[in-house]
Amino acid sequence: MNNFGKSFKLFFKLGTLNRSLITFICIFMLLGIAMLAVSAFAGEPMGDEEYLASISAVSLGMCLSTMAVTAIYGTQNTRFYHSCPQAECMSTRVQPVVQALFSVILTALAMTLSAIAMKIGILDGNRLSDTLLCCTFATVMCQFASAYTGARGIILLTYLAALPFYITCLSTDIVTNPTLKAIHTHGFGLSLYASVLIYVLALFISLLLSFRLAKSSYKKRSTATMAAPSIIQTQRM
């Protein structure tokens with residue numbers, strides 16, 4: 001546990017040494033949060049053909065915000081990083097845990113904003129349950145992405161984490177199947193309790209799997225693609 005605590009602190013210290021990196025983190029964090037707010041306060045009411053599309057925007061918001069965390073992962077592709085005694089712990093344990101905590105925070109924020117919008121009468125229907133289900137999908141994909149450093153993680157994050165948003169936006173005007181049409185206009189129809197259970201189980205399982213994937217990815221790392229000398233040190237100022 002002591003080693004994990006030291007690795008946890010070092011993980012964030014290495015990720016905040018570069019001012020350009022900090023700017024990147026702030027920009028994408030704000031973009032993601034803004035998308036969560038748009039989904040809540042500019043969402044469509046239940047029955048509208050873009051009801052689910054406006055909800056699924058939270059998956060894009062989580063994707064954009066997680067890009068900020070991914071920038072910290074980028075510091076790992078150096079020989080300097082892998083020379084640290086805590087490198088393996090940071091890559092295989094800290095990184096998945098950080099992502100899980102971050103996803104929970106983003107999900108809680110999305111749910112809170114939607115609850116406020118419903119309280120003041122902007123939104124209606126089974127909004128909270130549907131929002132949580134979209135957050136669940138994004139959470140799982142972001143969690144898997146946290147197990148990798150490089151192209152595989154970026155592909156999982158940028159193409160799959162926001163998939164609910166992409167699909168609903170592209171299919172809203174062309175879907176003809178009555179069942180799919182009903183989902184677009186009225187959501188998934190699950191109770192909030194069922195969605196909470198699905199979210200908790202999905203988060204727990206994806207976290208366990210991300211530990212195993214991260215361990216396998218770390219063992220397969222190659223110095224051929226690592227930057228040298230450390231870009232962290234050369235860009236500290």
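Figured I'd write up the structure that's included with this text. (Residues numbered from 1 in each chain as written. Predicted model: local features only at pLDDT ≥ 70, side-chain atom pairs only at ≥ 80, totals over all residues. Heavy atoms only, no water.)

Let's shift gears to the overall build of the protein chain. In terms of helices and strands, the protein chain carries 11 helices and 0 strands. For the protein chain, the succession of helices and strands along the chain, N to C, is α-α-α-α-α-α-α-α-α-α-α. The buried share of the protein chain, taken over its 237 residues, is 47%. Taking contacts inside the protein chain between residues at least 6 apart in sequence as the whole, the part at least 24 apart equals 82%. Total accessible area on the protein chain is roughly 11,700 Å²; 70% of this is exposed by carbon and sulfur atoms. (Helix = DSSP H or I, 4+ residues; strand = E, 2+ residues; numbered from the N terminus. Buried < 20%, exposed > 50% of the residue type's maximum accessible area, 1.4 Å probe, protein only. Contact = heavy atoms within 4.5 Å. Areas by Shrake-Rupley, 256 points an atom, 1.4 Å probe, with all protein chains shown as cover.)

Another aspect to go through is the packing of helix α6 (residues 127–145) against helix α10 (residues 192–219). Where α6 contacts α10, the two axes come as close as 9 Å, and the packing angle between them is 0 degrees. For the element pair α6 / α10, the angle class is roughly parallel. Across from Leu-128, Ser-129, Leu-132, Leu-133, Cys-135, Thr-136, Thr-139, Val-140, Gln-143 and Phe-144 in α6, the residues of α10 making contact are Leu-192, Ser-195, Val-196, Ile-198, Tyr-199, Ala-202, Leu-203, Ser-206, Leu-207, Leu-209, Ser-210 and Leu-213. A per-class count over the contact of α6 with α10 returns 15 nonpolar, 7 polar and no charged. (Axes fitted to C-alpha atoms, helices over the stretch in contact; angles between N-to-C directions. Parallel < 35°, antiparallel > 145°, perpendicular 65-115°, else oblique. Nonpolar A, V, L, I, M, F, W, Y, C, P; charged D, E, K, R; others polar.)

Our focus in this paragraph is the packing of aromatic side chains. Following the criterion strictly, the structure yields 3 aromatic pairs and no others. Ring geometry for Phe-4 versus Phe-8: centroids 6.1 Å apart, planes at 35 degrees, classification tilted. In this pair, Phe-4 and Phe-8 are both assigned in helix α1 (residues 2–15), 4 residues apart and thus about one turn of the helix distant. Take Phe-4: its relative accessible area is 16%, and that puts it in the buried class. Ring centres of Phe-24 and Phe-28 lie 4.5 Å apart, and the angle between their planes is 35 degrees; on these two criteria the pair is classed as tilted. Here Phe-24 and its partner Phe-28 are both found in helix α2 (residues 19–41), 4 residues apart, which amounts to about one turn of the helix. (Phe/Tyr/Trp six-rings, centres within 6.5 Å; stacked < 30°, edge-to-face > 60°.)

Function cannot be inferred from these measures alone, as they are strictly geometric.
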